[in-house]
Amino acid sequence: MLNRRLAATALAALGLAALAGCAREQAPAVDYVLLDGHKASSRDWNGKVMLVNFWATSCATCVKEMPQVVATYDKFKGRGFDTVAVAMSYDPPAFVAKYAETRKLPFGVAIDNTGAVANAFGQVQMTPTTFLINKHGQIVKRFVGEPDFAALHGLIEQLLAEA
């Protein structure tokens, strides 16, 4: 009887884990232009673990966390990880370009002039808002405000290890 109960519990746990895996939301299909004029798309993210960071130069928390976003990118970039920083539509493009240049941001920076990218990700309005997306294009985690970077790094490690 105990073995049956353990087996039933194990099966239930597996079922819940499978459901949790299915419940992940697919990242939206978006097209955007990087500061260097390069056209990019979320289709380019296939097979990568992506960090999509919505930010603004006028956001103190965004500016404070950006060195950690850069450090995260630097730590994982050679392993199938990439980052795109999406500046909000209200952020003056000249400010974004100056910030990216003076801080030598090593990843793609896009200006969401129309707000289409923010809207596609669920009408992002608060900054920073960051999405972690797995290799299959599913949103694994949404952070509003500054993430716990140690926990974020652990989650990135797990996602990079997945097939």
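Our structure is the block above this text.
Some remarks on the pairing of strand β4 (residues 49–55)
So, point 1. With seven of its seven residues buried, β4 lies for the most part within the structure.
So, point 2. Residues Val49, Leu51, Asn53 and Trp55 point to one face of β4 and Met50, Val52 and Phe54 to the other, with burial holding for every one of them.
So, point 3. In the sheet, β4 pairs with strand β5 (residues 81–87) via seven bridges, with the strands oriented parallel. Its bridge partner being in β5, valine 52 is matched across the sheet by valine 84.
So, point 4. In the sheet, β4 pairs with strand β7 (residues 129–133) via five bridges, with the strands oriented antiparallel.

Re the side chain of glutamate 65
So, point 1. Topologically, glutamate 65 is positioned in helix α2 (residues 60–76).
So, point 2. For the buried residue glutamate 65, which engages in no salt bridge, the nearest side chain bearing the opposite charge is lysine 64, 7.8 Å off.
So, point 3. Looking at glutamate 65, its side chain comes within polar contact range of the side chain of asparagine 53, at 3.0 Å.
So, point 4. Not counting chain neighbours up to four residues away, the residues in contact with glutamate 65 comprise Asn53, Pro128, Thr130, Gly145, Glu146, Pro147 and Phe149.

Structural notes on α2
So, point 1. The end-to-end C-alpha separation of α2 is 25 Å, in line with the 24 Å expected for 17 residues at 1.5 Å each.
So, point 2. Residue methionine 66 marks the point of greatest curvature in α2, where the axis turns by about 35°; the proline proline 67 follows within four residues.
So, point 3. When α2 is considered as a whole, its buried residues turn out to be Cys62, Glu65, Met66, Val69, Val70, Thr72, Tyr73 and Phe76.
So, point 4. In this structure, the buried residues of α2 make contact with β4, β5, α3 (93–102), β7 and α5 (149–161).

About the thresholds
- Residues numbered from 1 in each chain as written.
- Predicted model: local features only at pLDDT ≥ 70, side-chain atom pairs only at ≥ 80, totals over all residues.
- Heavy atoms only, no water.
- Buried < 20%, exposed > 50% of the residue type's maximum accessible area, 1.4 Å probe, protein only.
- Helix = DSSP H or I, 4+ residues; strand = E, 2+ residues; numbered from the N terminus.
- Pairing = 2+ DSSP bridges.
- Lys, Arg positive; Asp, Glu negative; His and termini not counted.
- Salt bridge = Lys/Arg side-chain N within 4 Å of Asp/Glu carboxyl O.
- Polar contact = N/O pair within 3.5 Å; in protein donor to acceptor, adjacent residues only side chain to side chain.
- Contact = heavy atoms within 4.5 Å.
- Expected span 1.5 Å × (residues − 1).
- Bend = angle between axes of the 7 residues up to and from the residue.

Function cannot be inferred from these measures alone, as they are strictly geometric.
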